[in-house]
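Given next are the chains, with one letter for each unit.
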Amino acid sequence: MKNKNGKHGMLYKLLDIETYIQNVRWVAATAIFIATAAWAVELMDWTYICPFCRTQRTVIGILGILLFFPAPLHWIARYVGTTLGILGLVVAGTQHFRGWARISAGEFSFNQPIYFDSFLLSGAALFIITGLMFLLFLADKPKGLIEAPKVI
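Residues numbered from 1 in each chain as written. Predicted model: local features only at pLDDT ≥ 70, side-chain atom pairs only at ≥ 80, totals over all residues. Heavy atoms only, no water.

Chemist: Before we move on, could you go through the side chain of His96 and cite the residues and values that matter?
Modeler: Within the secondary structure layout, His96 lies in helix 5 (residues 75-104). Of the residues examined, His96 reaches a relative accessible area of 15% and is grouped as buried. At a separation of 3.1 Å, a polar atom in the side chain of His96 contacts the side chain of Ser122. Sequence-distant contacts of His96, defined by excluding residues within four places in its chain, comprise Phe119, Ser122, Gly123 and Leu126. (Helix = DSSP H or I, 4+ residues; strand = E, 2+ residues; numbered from the N terminus. Buried < 20%, exposed > 50% of the residue type's maximum accessible area, 1.4 Å probe, protein only. Polar contact = N/O pair within 3.5 Å; in protein donor to acceptor, adjacent residues only side chain to side chain. Contact = heavy atoms within 4.5 Å.)

Structural data, given as structure tokens:
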């Protein structure tokens, strides 16, 4: 919805994919920060060792690095990103489904502290990895990138 000046509001911009495409480097930096912070929390023994979590945070970090490359649209970056992204989605989906299975069995409760709950974190990882994969395919070429001439 446009405001009285004819411009879209902040919520509209936050929900618009173009905002993320135009700021892909900031999104990539945020993904790298999330992965680094998550690894730091585990390496400082503030949380338990979880192979599911390790895989998800590593995939988020690698996708962030791929989006930081000068040419994230290159087919190799997309191939590696898609392959690792699918691995991360399968692992996050498996971990998240285990939470739903506990809900179904009537055995579910959130871990304490709640911000270390695997059900919530795996759900967040599903959204983050999917979003990073979208950006890998939708991101524009950075300005100033010289394209090689097409060979006929």
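Chemist: So what about the nonpolar core? Which residues, and what values?
Modeler: Counting residues in each nonpolar core, the largest one holds 19 residues, and the members touching the most others are Ile60, Leu63, Leu67, Ile129, Leu132 and Leu135. When contributions to this core are tallied by element, the ones reaching two or more residues are helix 3 (24-43), helix 4 (51-68), helix 5 and helix 6 (118-138). Ranked by the residues each element gives to this core, the list is headed by helix 6, at six residues. Sequence-distant contacts of Leu135, defined by excluding residues within four places in its chain, comprise Ile17, Tyr20, Ile21, Val24, Val27 and Leu67. (Core = buried A, V, L, I, M, F, W, Y, C linked by side-chain atoms within 4.5 Å.)

Chemist: Run through helix 5, naming residues and quoting values.
Modeler: Here helix 5 contains 30 residues, and its C-alpha end-to-end distance of 42 Å stays within 8% of the 44 Å for a straight helix at 1.5 Å per residue. Looking at the buried side of helix 5, the elements it contacts are helix 4 and helix 6. Looking one or two places after helix 5, you find Gly106, whose phi comes out positive at around 75 degrees. (Expected span 1.5 Å × (residues − 1).)

Chemist: So what's going on with the environment of Trp39? Which residues, and what values?
Modeler: With respect to the helices and strands, Trp39 occurs in helix 3. Considering only alpha carbons, one finds Trp39 and Thr58, 19 residues apart in sequence, at a separation of 8.4 Å. Beyond its immediate stretch of four places on either side in the chain, Trp39 contacts Arg54, Arg57 and Thr58.

Chemist: Outline a nonpolar patch on the surface, supporting the account with residue identities and numerical values.
Modeler: A surface patch of nonpolar side chains, about 810 Å² in accessible area, is lined by Leu11, Leu14, Leu15, Ile17, Tyr20, Phe134, Phe137 and Leu138. Those elements that place two or more of their residues in the nonpolar patch are helix 1 (10-15), helix 2 (17-22) and helix 6. Residue class for Leu11 comes out exposed when judged on its relative accessible area of 59%. (Patch = residues over 30% accessible without salt bridge, like charges linked within 9 Å, V, L, I, M, F, W, Y side chains within 5 Å. Areas by Shrake-Rupley, 256 points an atom, 1.4 Å probe, with all protein chains shown as cover. Salt bridge = Lys/Arg side-chain N within 4 Å of Asp/Glu carboxyl O.)

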